[in-house]
Amino acid sequence: MRYFEINGGEITSISLVKVPAITRYFSINEDLRQIVAPVIIPDLPIYRYEPIDGIKPEEFYVIWTEVGIKRVVRDFYLKGGNIFTLYHNNRLQTDSDINLYGLWVINRKLGIMPPEGYDLPDYTLMGNVEILDDDLWQLIKRGEFNGFSVEGEFDVKEIMEV
């Protein structure tokens, strides 16, 4: 099995998905119509099955580094950082469907804590999103979407093969 670490790159969108690869799920605030969940967790091996060097898919793991998370978050903010999709396909309209309410990186030394109920390491990227579209809100409440997934072009390097 091959392992790759992500040290930077560019997030092109954050997608709402049913089963996030990081296996951490939304907390829902019905009064505010907001969802909160981790977007990226450092040092967590994420299973992938897709082509690496060619056409044939392979099994492998990717692992986000703290440095990689800091870099992609900074660049996402600099580029406007409010691009969302459903299952990495259908782009949502910000200001009418969905709005990024906040992104933050957990850092206990700076007093930036994980939300209540989440046991997550420092440098985890958290997202808080406001859902404006009524149909999308109902899908989330029914469990059709349960977490976040990032899409983009990332700087990866192989770190080991087991």
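Placed above this text is the structure.
Presented here is an overview of the structure given in this document. (Residues numbered from 1 in each chain as written. Predicted model: local features only at pLDDT ≥ 70, side-chain atom pairs only at ≥ 80, totals over all residues. Heavy atoms only, no water.)

## As for the overall build of the protein
A tally of helices and strands in the protein yields two helices and 10 strands. A compact globule built from 162 residues would reach a C-alpha radius of gyration of about 15 Å, and the protein, at 16 Å, matches this within 12%. A principal-axis box enclosing the C-alpha atoms of the protein has dimensions of 45 × 40 × 30 Å. Within the protein, contacts between residues separated by at least 24 positions form 70% of all contacts whose residues are at least 6 apart in sequence. (Helix = DSSP H or I, 4+ residues; strand = E, 2+ residues; numbered from the N terminus. Rg over C-alpha atoms; globule rule 2.2 N^0.38 Å. Contact = heavy atoms within 4.5 Å.)

## Brief notes about the packing of aromatic side chains
The full count for this structure, using the stated rule, is six aromatic pairs. Arranged with centres 5.1 Å apart and planes meeting at 15 degrees, the rings of Y3 and Y61 form a pair that is stacked. With a gap of 58 residues between them, Y3 in strand β1 (residues 2-17) and Y61 in strand β5 (residues 57-64) connect regions that are remote in the sequence. Since its relative accessible area comes to 22%, Y61 is described here as partly exposed. Among the aromatic residues, ring-to-ring pairing joins Y3, Y47 and Y61 into one connected group. (Phe/Tyr/Trp six-rings, centres within 6.5 Å; stacked < 30°, edge-to-face > 60°. Buried < 20%, exposed > 50% of the residue type's maximum accessible area, 1.4 Å probe, protein only.)

## Notes on helix α2 (residues 134-141)
One turn of an α-helix holds 3.6 residues; hence residues three or four places apart share an orientation. Those residues of α2 lying buried are L136, W137 and I140. Each buried residue of α2 sits inside an arc of 100 degrees when the element is viewed along its axis, so together they form one side. Of the surrounding elements, those touching the buried residues of α2 are β1, β2 (27-29), β3 (34-40), β6 (84-86) and β9 (125-131). Structurally, the start of α2 carries an N-cap: the backbone nitrogen of D135 is 3.2 Å from a side-chain oxygen of D133. (Arc of directions from axis to C-beta. Polar contact = N/O pair within 3.5 Å; in protein donor to acceptor, adjacent residues only side chain to side chain.)

## Some thoughts on unusual backbone geometry
The backbone of T23 shows a phi angle near 50 degrees, a positive value even though the residue is not glycine. Locating T23 in the fold gives a position in the loop between β1 and β2. Taking the relative accessible area as the measure of exposure, T23 reaches 43% and is therefore partly exposed. A positive phi angle, near 60 degrees, is found at D43, a position not held by glycine.

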